[in-house]
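Read off the chains here:
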Amino acid sequence: MTTRTTVPPVACVGEPRLTAGFAEFGRLNLAAHEEVHGPIGPMEPANLLRLVDGIQLKGKGGAGFPFARKLRAVLESCERQDLSAVVVVNATEGEPASWKDKVLLTRAPHLILDGAALAAYALDADEIVIGMADEGVGRESLMEALAERRMPVPTSIVTVPHRFISGEGGALVNGINGLPHIPPGTKKRSSDSGVSGLPTLLSNAETYSQLAVAARLGPYEYAALGTDDEPGTVLLTVTGAAGRPAVVECAAGTPLRDILDLCEVPDGPGILTGGYHGKWITPEAADRAEISRKGLAAVGGTLGAGIIIPLGPDTCPLGEAAQVVRYLAGESAGQCGPCRMGLPDLARAVDLAVAGSQPADVVRAAAGEVKGRGACSHPDGTSRFALSAIEVFVEDLRLHATGEGCGRRVKAVMGLPGAPDPNPQKLTLDWSRCDGHGLCAHVVPDFIRLDGNGYPAFPPTPVPTWLREGAMKAVKVCPELALRLAKAE
C-alpha cells in the first residue's frame, strides 16, 4: 500500500483536464500552469452563477452538494446581514483511502488557487483559507504556488489533525476558528455563519479546480466530456488489490471496468465504491457500472469521494469491512449518543457476525439505532457501509455463521492508518480438562456459548479485538485451566 506521505502515480482515461501537463511537467509551476491551461480573468457573480449552473457543478468531497446553491446562499447571506464573505478550500482529505486532493496540491496547486480566487472575487470576500491535514502532504507545493502569484485577497493555510472527521465541513470551520476540530453539536449553515462568524463558501479542493477548468473552457466545451447529467471529468483514487494503484482522471460515464483494467485489478469478491462512507458492489455489478453518481447508484454503489477499493480473490471481505467499522467507531467525535455509544455497538455487532456468533440481524438493528440521529453525517455513513457489507457478501456471511469462516485472510488492504493486529489470538479448549462449569460463557457471552450439553462452544476464528479483554478474563476464571488463548495462525 502507498504510505501516507507518498503520492501515488497519476493516470488518465481519455482527455486530461485537471491532470493536463502532468506528463510533460510533473508539477506545474505558474509558468507551466499558464502554458497548459491559458489565462483566466475574474467573473462577476451573475456570470459565475450561470457557469456553475450550466455545468451542474457539484461538490467533489463526497456529499455532491450543488455548488451553485452554496454560492447563492453565501451571496444572499452577505446581502441580508450586510457582511463580507470568506472562501474556504477543504483540502484536508481526512479519509485515509483518498489521494486525489493531495495529487492536486502537489502537482496542480494553481488550479485550486484559480478556483478559490474566482469565488473570492465574485463574493468580494475578505479572505481565502485553505484547510490541510497536519501530515503535510502538498503543503510545500501550495506555499510555493502562493509565493509565485498575487491572490485577490489575503490567503492563509490552516492545518487540522489528520482524522476522518476533521474533513467534515463544520469541523473544518471549527478548527479555523480555533475551536476543537470536531463537527458542531448542532447543525448550522456555514453560508450564514462560518469562519469568524461570516458567511462562508466552503467546498472541496477538486471542486475549485473543476471551477477553474470550466471558467476557461466555458459551459459548452466543458460539457463535451461526461454525461448530460454530469458533465466534465472525475478524479478517482484506486487502491486496494490494484496491481497499479493510482489517481485516475476520466470523463463521467466511463465504464468502471475500464478503470479496473487500467489499474490491473484482479477478480475478487467485491469492490468498495465511494470510500468508508460508501457502498460495496459485486464484481458483476462492477461490469455494468459507469463512473458517475447516477451510474454507480444504478448498481447499488456510490461515487462519494471518488474512492475505489477492490478486494483480491484471497481476501476476506467481511474481515476487511469489520476493520473499517472499528476504525470509524474510533474516529467519532464522541459528542452525541449515536457516535459515542451507537458506533462502538455497531462495530461490536459486525465483529460478532464475522466471528459467527451473532446473526446479521444484530448488525441491522445496531445500524438502525444510529441512522439519521447523529449531529453530523458520520453515523449515517458508517451504518451505510456496514449494511452494504452484509448485503453484498451474503455467501461469505453464511460461511462465517457456521463458525468455520470463508477460508480467506484479512490482509488489511483498505488503506487504514497504522498496522493490522500484530498478534491475533484465538481460544482453544482442552477437552480432557473441561468439566462444563460454564463460567467462561458468563464472562464473555457474546463469544462463548454453551452447547446442549453445557460445554463451551465458540468459533475457531480470532477473537475480535472488542472481546480480547473478556476472553482473557474467561481464561483466568476457568477452574480447570481448560481454556487458553493461543496465537492465531
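Before going into details, it helps to say that this report is about the structure given with it.

Across the sheet, which stays open at both edges, the 6 strands sit in the order S1-S7-S6-S10-S8-S9 with mixed pairing between neighbours. In the strand order of this sheet, the two ends are held by strand S1 (10-13) and strand S9 (279-281), each with one partner. Neighbour-to-neighbour, the strand axes of this sheet turn through a mean angle of 25 degrees, independent of strand direction. Relative to strand S7 (residues 246-251), strand S6 (residues 233-238) is paired through 6 bridges, and the arrangement is antiparallel. When the bridges of S7 are listed, Thr 237 appears paired with Val 247. Along the sheet face, helix H16 (residues 378-392) touches strand S8 (271-273) and S9 and points at about 20 degrees away from the line of S9.

A separate point is the environment of Ser 191. Relative to the assigned elements, Ser 191 resides in the loop between helix H8 (169-176) and strand S5 (200-204). Residues Ser 191 and Lys 70, 121 residues apart in the sequence, show an inter-C-alpha distance of 7.1 Å. Ignoring anything within four residues of it in the chain, the contact list for Ser 191 reads Ala 73, Val 74, Ser 77, Pro 199 and Thr 200.

Once that is clear, we can look at the environment of Lys 60. Note that Lys 60 resides in the loop between helix H3 (45-54) and helix H4 (67-81). Considered as a pair, Lys 60 and Gly 306 are 246 residues apart in the sequence and their alpha carbons are 7.7 Å apart. Once you skip the residues sitting within four places of it in the chain, Lys 60 turns out to touch Lys 100, Asn 204, Glu 206, Thr 207, Gln 210, Thr 233, Arg 293, Gly 304 and Ala 305.

Here the idea is simple: oppositely charged side chains can pair when their charged atoms come close. Taken as a whole, this structure holds 23 salt bridges when the rule is applied. A salt bridge links Asp 101 to Lys 100, with the shortest nitrogen-to-oxygen separation between them at 3.4 Å. Neither Asp 101 nor Lys 100 differs from the other in exposure class; each is buried. In this structure, Arg 293 engages Glu 230 in a salt bridge whose closest nitrogen and oxygen atoms are separated by 3.9 Å. Residue Arg 293 is found in helix H12 (residues 293-297), and its partner Glu 230 is found in the loop between helix H9 (205-222) and S6; the two are separated by 63 residues along the sequence.

A grouping of Leu 439, Val 443 and Val 477 is seen on the molecular surface, where their side chains present a nonpolar patch of about 200 Å² in accessible area. If you trace the backbone, Val 443 turns up in helix H18 (residues 439-443).

Turning to the side chain of Glu 206, a few remarks are in order. Mapped onto the elements of the fold, Glu 206 is located in helix H9. You can call Glu 206 buried: its relative accessible area is 1%. Among the polar contacts listed, one links the side chain of Glu 206 to the backbone nitrogen of Leu 235, at a separation of 3.5 Å. Contacts of Glu 206, omitting those with residues within four sequence positions, involve Leu 18, Lys 60, Lys 100, Asp 101, Leu 104, Thr 233, Val 234 and Leu 235.

Below, the discussion takes up the side chain of Arg 17. Of note, Arg 17 is situated in the loop between S1 and helix H1 (22-25). By relative accessible area, Arg 17 is classed as buried at 5%. Within the structure, Arg 17 has its side chain in polar contact with the backbone oxygen of Glu 221 (distance 2.9 Å). Here the side chain of Arg 17 touches Tyr 222 through a polar contact of 2.8 Å, landing on its backbone oxygen. Once residues within four sequence positions are removed from consideration, Arg 17 is found in contact with His 37, Val 213, Leu 217, Glu 221, Tyr 222, Ala 224, Leu 225, Gly 232, Thr 233 and Glu 249.

Here we come to the packing of aromatic side chains. Under the criterion given, the structure shown has 7 aromatic pairs. The interplanar angle of 10 degrees and the centroid separation of 6.2 Å between the aromatic rings of Phe 164 and Tyr 276 together place this pair among those described as stacked. With a gap of 112 residues between them, Phe 164 in the loop between strand S4 (155-160) and H8 and Tyr 276 in the loop between S8 and S9 connect regions that are remote in the sequence. What makes Phe 164 buried here is its relative accessible area of 11%. Between Phe 164 and Tyr 327, the aromatic rings sit 6.3 Å apart at their centres with planes inclined by 85 degrees, giving edge-to-face as the arrangement.

One non-glycine residue with positive phi stands out, namely Glu 93, at about 45 degrees. Considering the arrangement of structural elements, one finds Glu 93 in the loop between strand S2 (86-91) and helix H5 (100-107). Taking relative accessible area as the criterion, Glu 93 reaches 7% and is therefore assigned buried.

Rules behind the numbers
- Residues numbered from 1 in each chain as written.
- Predicted model: local features only at pLDDT ≥ 70, side-chain atom pairs only at ≥ 80, totals over all residues.
- Heavy atoms only, no water.
- Pairing = 2+ DSSP bridges.
- Helix = DSSP H or I, 4+ residues; strand = E, 2+ residues; numbered from the N terminus.
- Axes fitted to C-alpha atoms, helices over the stretch in contact; angles between N-to-C directions.
- Contact = heavy atoms within 4.5 Å.
- Salt bridge = Lys/Arg side-chain N within 4 Å of Asp/Glu carboxyl O.
- Buried < 20%, exposed > 50% of the residue type's maximum accessible area, 1.4 Å probe, protein only.
- Patch = residues over 30% accessible without salt bridge, like charges linked within 9 Å, V, L, I, M, F, W, Y side chains within 5 Å.
- Areas by Shrake-Rupley, 256 points an atom, 1.4 Å probe, with all protein chains shown as cover.
- Polar contact = N/O pair within 3.5 Å; in protein donor to acceptor, adjacent residues only side chain to side chain.
- Phe/Tyr/Trp six-rings, centres within 6.5 Å; stacked < 30°, edge-to-face > 60°.

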